[in-house]
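Here is how the chains run, residue by residue.
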Amino acid sequence: MSLNAELRSAGREPPLPLILPLEQGETRVVRWLRVLPGKRLVGQVEAGGLQQLLKLFIASGADRHCEREVSGIRALQAQGIATPELLAEGEIEGGGRYVLSAYLNDAETLQQRWEALPSRQPGEANALTLLGQALSLIGTMHHCGLVQTDLHLGNFLLHAGQLYVIDGDAVEALSPGAPVTPAQAEDNLAIFFAQLDPEWDELCELLLIGYLQHNPLALNPDRLAAQIKRVRQRRLDDFLGKSLRDCTQFSVSRSWGRFTAVVREQCQRLSSVISAPDDALATQPLLKDGGSSTVGQVTVDGETVVIKRYNIKGFVHWLKRFWRPSRAWHSWLAAHRLQFLGIPTPAPLAMIEQRFGPLRRRAWLITEYCSGVDLLSHLGELGEQVPDDATASALLTLFAQLQRARISHGDFKATNLLWHQGRVVLIDLDAMQAHRNEASWRSAWQKDRQRFIRNWPASSPLAQWLRERMPDA
């Protein structure tokens, strides 16, 4: 078997250590940095005592991808835009291709910096500075006629005070040496902004100040806003689709009797719970043991997770449920939708459906545990006082997020909202809906609004406060 075939057949766990016989001599892979099974491998390697970055293109079409990588790097270099130095390229046995470039020790992507920020709320100074760094460099690229078609914070690398563009495979020269058109710039910027939480949309003009200093174009803000919305929806649809198929982020398996989807990095930790969720439920007192669902929490490797089993109450109930996705399936997608949009909810970790061929039976949802207190307890059952400033701000933020995303909860009881670390967290997503139809949204939101206000006596100060401030559809 050729080296390329061996690497393709290795799946998600290519061998380590690995010595590669490249044209420059033997190169030792120190660690894999990214693995796209059967397609592309990125690793830190050592050759001649030097650390380098290796990209291996191992799928069909390797020549095309390698050529695009090299072309993108050279286009950046030609315009004086910092990118790790291209050291070599060539073939590997069996038809694959490779690219070697400089490895920047102790470098961090802007995505790593972003995730390390104590707060990524819109308007936070450190977040604004970080985004401004990326947009200034994007402005420089656009002024030189270059675009990065896979535009995200992970493709900007900070090293020794210098910001680098990486991933030459996604760099295109639309008009070498001349600025891109306003429409081309808007389309490309929309890819960047669509990856931020929607609350950042209102700050686009502020964020673009640094960009315009490097590329003074007459951008159309209305068209940019429409493009951001379109790209974000496409990304959301793609992400929800990924959560139901085997990929880098999710481990998905299916058989005649079972369907399982797990966040891949949680697979090993949750393996015993996933294999026997009812056994895990039996080890601890239950939080809820009703006819429609059973809820319990268990500790796994020192961390608490919540298991919710969706029960089938009898044959008639099964006849109503077997032909459609389970409530666990629905809640799994709903939770990932909220997370994608930056709306607080406990992280969904795994979903299991018991099946008989295509027919659904019982199902389980596993999420992280949120230690917050429900809003009925936090605000008081009698509603004698209006919310304090922090709670009021978090509530109004949540309402605005749901309204902007056209999402209705469907069971907007105060006990289904938790106060946790200065945020209001949504739980119990069984009836949540994302509406494409405006009339449907308005009707569902009015029901949510009325249900939430009914948590407190109609004449109470809190109910009055909510009637005045909770947005009307």
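K.L.:
How do you make sense of the sheet that holds strand β10 (residues 162-165) when you look at a structure like this?
P.N.:
Strand order in this open sheet of 3 strands is β7-β9-β10, and the pairing throughout is antiparallel. Two strands lie at the open edges of the sheet, namely β7 (108-109) and β10, each paired on one side alone. Relative to strand β9 (residues 156-159), β7 is paired through 2 bridges, and the arrangement is antiparallel. If you follow T109 over to β9, its bridge partner there is L157. Each of β9 and β10 touches helix α4 (residues 125-143); the most contacted strand, β10, lies at about 55° to it.

K.L.:
How do you make sense of helix α14 (residues 438-453) when you look at a structure like this?
P.N.:
Three- or four-residue spacings in an α-helix give side chains the same orientation, since the helix completes a turn every 3.6 residues. When the terminal C-alpha atoms of α14 are compared, their 22 Å separation across 16 residues agrees well with the 22 Å that a helix rising 1.5 Å per residue should span. For α14, the complete set of buried residues consists of W441, A444, W445, D448, R449, F452 and I453. Summarising the axial view, the buried residues of α14 lie within an arc of 165°, below the 170-degree limit, and thus occupy one face. Seen from the buried face of α14, the exposed residues on the opposite side, beyond 90 degrees, are A439 and K447.

K.L.:
Where do I start with the packing of aromatic side chains in this structure?
P.N.:
Two aromatic rings are characterised by how far apart their centres lie and by the angle between their planes. Inspection of the entire model under this criterion finds 13 aromatic pairs. Pairing F452 with W456 gives two aromatic rings, centres 5.4 Å apart and planes at 80°, and the pair type is edge-to-face. The pair F452 / W456 is uniform in exposure class, with both members buried. The rings of F399, F412, W441, W445, F452 and W456 are connected pair by pair, giving a single aromatic cluster.

Calculation criteria
In every chain, residue numbers begin from 1 and rise along the written sequence. Owing to the predicted nature of the model, reporting of local features is limited to residues with pLDDT of at least 70; listing and counting of side-chain atom pairs is limited to 80 or more, with chain, interface and lining totals taken over all residues. Heavy atoms from the whole structure form the basis of all side-chain values; hydrogens and water molecules are not counted. Strands qualify as paired when DSSP identifies two bridges or more between them. Comment: elements are numbered from the N terminus, with helices defined as DSSP H or I runs of at least four residues and strands as E runs of at least two. Note on contacts: a residue pair is in contact if any heavy atoms of the two residues lie within 4.5 Å. Throughout, an axis means a line fitted to C-alpha atoms (over the contacting stretch in the case of helices), and angles, computed between N-to-C directions, take values from 0 to 180 degrees. Multiply 1.5 Å by the residue count of a helix minus one, and that product is the helix's expected span. The buried label applies to any residue whose accessible area, calculated with a 1.4 Å probe on protein chains only, is under 20% of its type's maximum; exposed applies above 50%, and partly exposed to all values in between. Throughout, the arc means that of the directions going from the helix axis to the C-beta atoms. Side-chain rings of Phe, Tyr and Trp, where Trp is taken by its six-membered ring, are said to pair if the distance between their centres is within 6.5 Å; with planes under 30 degrees apart they count as stacked, over 60 as edge-to-face, and otherwise as tilted.

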